[in-house]
Amino acid sequence: MWVLGALIAASILVATSMWTTDIISALEATLVVVACLCTGIIVFCLWVTSQTFPRASGVTASVMLAVAGCVLFVPGTWQALPAEILSSGSGTVIALIAWAATAVVAVCCLPRMLESQRFDDLLKRSVRLAQAQAQFFIMEFGQASSIYREPPRLLRTMRAVRPSRHVWITIASSDLYASMRSPIRLLTSLVCVFGAGVLVGLGSSLGPLAALLGLGAGTLSYMGVGPLADGLRHGAAEVSDLPLYGISDRFLISVHVIFPIFASAVVATIGGLIGVQMTSGSILQVVASTVGLSVLTVASILMSALKGPMPVQFLTSVPSPMGDPMVLTRAMWALDGLLTAIAAGAAVSALTSAPVLTIVVAAIPLVLIVRRWRYRG
């Protein structure tokens, strides 16, 4: 319900500010608030629906996101903007009535869906939420997200480890097969990596302004490469203990980086080549940028996996006139991999205009990897 309250509060704030500045009338401001209220009710009902029908809701949500994305990029559909809706006259009333009717139907279906909830499922979700909140409180965001990761179902019988004559082929192929056991997760990660490559390609002709698109490219790259680097994180956890597989720690990590770097570099390069076709950028620069972004993203993930638990000194409060700065320090420690990947995206996007920045950003994860590797375990 807090989402509904936040949405209504934001709509009231925006509508009031537009009304006081004579941008819209009082009636139009009321329509904005009512539309946001109906939207919040529908979102809440959709959330309950996803709890009742998880599989069907996942497919429906994917279709809705795809349709929404297509609508945004189809010419002539920008009439969906609030300003256009408010100026469309009778069409606004018809759309608002239809939206309100949808909210009423959703509310009428809500009791039936709540009654179909099973106690065992509710208890399991409550325990999972409590565990995720505990991990989130100590800023273990990776552990919090892994709690909600579903085990493989569709390709559960596929063997993740297939022996080979060469150990490195066995380990590298196991990363590939393990990711294929969760096809939806793999597809989502590849789409994110592809989007990162497209952003790098689009910014190839913008000069220093390409760094702005690089921020989004770094974020998408980190989100996309993360599911591909499960084996790398497993290897980083093993090197902090006694040898388990009878091979050296360096060899284990070196083999585990093959699949995420190769897969992300290929997909990101394809996306970059498609993006550069829309601009007048250099193809060679885009290829170098996408490959460099993939390598630096994998390095950021390895750097984050080797850091271990949070140091105790970060939990110490340091009073200051501006508050406790250690909160920011703990946040930077918890999000160091993401922040480094974002910086890497901005740096490789502006590779030709600021090559020194790229070298400095690339040195950050390498230095931290060497330091954390030395003090591992």
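Residues numbered from 1 in each chain as written. Predicted model: local features only at pLDDT ≥ 70, side-chain atom pairs only at ≥ 80, totals over all residues. Heavy atoms only, no water.

A look at the overall build of the chain
Then step 1. Across its full length, the chain carries 17 helices and zero strands.
Then step 2. A burial count over the chain gives 32% of its 377 residues as buried.
Then step 3. Looking at the chain alone, contacts between residues at least 24 apart form 68% of all its contacts between residues at least 6 apart.
Then step 4. Surface exposure of the chain reaches about 22,500 Å², of which carbon and sulfur atoms provide 74%. (Helix = DSSP H or I, 4+ residues; strand = E, 2+ residues; numbered from the N terminus. Buried < 20%, exposed > 50% of the residue type's maximum accessible area, 1.4 Å probe, protein only. Contact = heavy atoms within 4.5 Å. Areas by Shrake-Rupley, 256 points an atom, 1.4 Å probe, with all protein chains shown as cover.)

Observations concerning the packing of aromatic side chains
Then step 1. Tallied over the entire structure, the rule returns one aromatic pair.
Then step 2. Here the basic side chain of K307 rests over the ring of W333, its NZ or CZ set 4.3 Å away from the ring centre. (Phe/Tyr/Trp six-rings, centres within 6.5 Å; stacked < 30°, edge-to-face > 60°. Lys NZ or Arg CZ within 6 Å of the ring centre and 35° of its normal.)

Considerations on the layout of surface pockets
Then step 1. Quantified by volume, the second largest pocket comes out at close to 570 Å³.
Then step 2. In terms of lining residues, the second largest pocket is bounded by 27 residues, among which A160, S174, D175, A178 and G231 are the most central.
Then step 3. Put simply, the parts of the chain that give the lining of the second largest pocket at least two residues each are helix 8 (167–180), helix 9 (183–202), helix 10 (210–228), helix 11 (230–238) and helix 12 (249–256).
Then step 4. The element that contributes the greatest number of residues to the lining of the second largest pocket is helix 8, accounting for seven residues.
Then step 5. The class makeup of the residues in the lining of the second largest pocket is 13 nonpolar, eight polar and six charged. (1 Å grid on protein atoms, 1.4 Å probe; cavity = no way out; pocket = protein on both sides within 12 Å on 5 of 7 lines; lining within 4 Å. Points joined across faces, edges and corners; volume = space filled by probe spheres on them. Nonpolar A, V, L, I, M, F, W, Y, C, P; charged D, E, K, R; others polar.)

With respect to the nonpolar core
Then step 1. Residues L232, V239, I253, L302, L306 and I369 are the most contacted members of the largest nonpolar core, which totals 23 residues.
Then step 2. In terms of residue count, helix 14 (residues 283–305) provides more of this core than any other element does, five residues in total.
Then step 3. Aside from chain neighbours lying at most four places away, what touches I369 is A299, L302, M303 and L306.
Then step 4. If you look at the next biggest cluster of nonpolar residues, it comprises ten residues, including L293, A347, V361 and A362. (Core = buried A, V, L, I, M, F, W, Y, C linked by side-chain atoms within 4.5 Å.)

Here we look at helix 13 (residues 258–276)
Then step 1. When the terminal C-alpha atoms of helix 13 are compared, their 26 Å separation across 19 residues agrees well with the 27 Å that a helix rising 1.5 Å per residue should span.
Then step 2. All of the buried residues in helix 13 are F259, P260, A263, S264, A265, V267, A268, T269, G271, G272, G275 and V276.
Then step 3. On its buried face, helix 13 sits against helix 8, helix 9, helix 10, helix 12 and helix 14. (Expected span 1.5 Å × (residues − 1).)

Observations regarding the environment of A178
Then step 1. Its place among the elements puts A178 in helix 8.
Then step 2. A residue is classified by how much of its surface remains accessible, and A178, at 38% relative accessible area, is partly exposed.
Then step 3. Separated by 18 residues in sequence, A178 and A160 place their C-alpha atoms 4.9 Å apart.

Some points on the environment of R233
Then step 1. Tracing the backbone shows R233 in helix 11.
Then step 2. On the accessibility criterion, R233 (31% relative accessible area) is partly exposed.
Then step 3. Sequence-wise, R233 and H256 are 23 residues apart; in three dimensions their C-alpha atoms are separated by 8.7 Å.
Then step 4. Ignoring anything within four residues of it in the chain, the contact list for R233 reads G226, P227, I301 and A305.

Digging into the side chain of S349
Then step 1. Along the chain, S349 turns up in helix 16 (residues 336–349).
Then step 2. Of the polar contacts made by the side chain of S349, one reaches the backbone oxygen of G345; its length is 2.7 Å.
Then step 3. Once residues lying within four places of it in the same chain are set aside, the contact partners of S349 are V200, G203, A210, A211, G214 and Q285. (Polar contact = N/O pair within 3.5 Å; in protein donor to acceptor, adjacent residues only side chain to side chain.)

Comments concerning the confidence of the model for the chain
Then step 1. Per-chain confidence: the chain averages 80 in pLDDT, with 89% of residues scoring 70 or above.
Then step 2. Mean pLDDT values over the elements of the chain span from 46, in helix 4 (residues 82–86), up to 91, in helix 13.
Then step 3. Note on residues 78–87: pLDDT is under 50 here. Beyond four places in sequence and across chains, it has ten contacts. (pLDDT = per-residue confidence, 0-100.)

Some thoughts on the packing of helix 14 against helix 17 (residues 355–374)
Then step 1. In contact at an axis separation of 9 Å, helix 14 and helix 17 are set at 30° when each is read in the N-to-C sense. The angle between the axes of helix 14 and helix 17 places the two elements in the roughly parallel class. Seen from above, helix 14 lies across helix 17 with left-handed handedness. Residues L296, A299, S300, L302, M303 and S304 of helix 14 lie in contact with helix 17, whose contacting residues are A362, P365, L368, I369 and R372.
Then step 2. Here the contact of helix 14 with helix 17 is composed, by residue class, of eight nonpolar, two polar and one charged. (Axes fitted to C-alpha atoms, helices over the stretch in contact; angles between N-to-C directions. Parallel < 35°, antiparallel > 145°, perpendicular 65-115°, else oblique. Left-handed = near helix turned anticlockwise from the far one by under 90°.)

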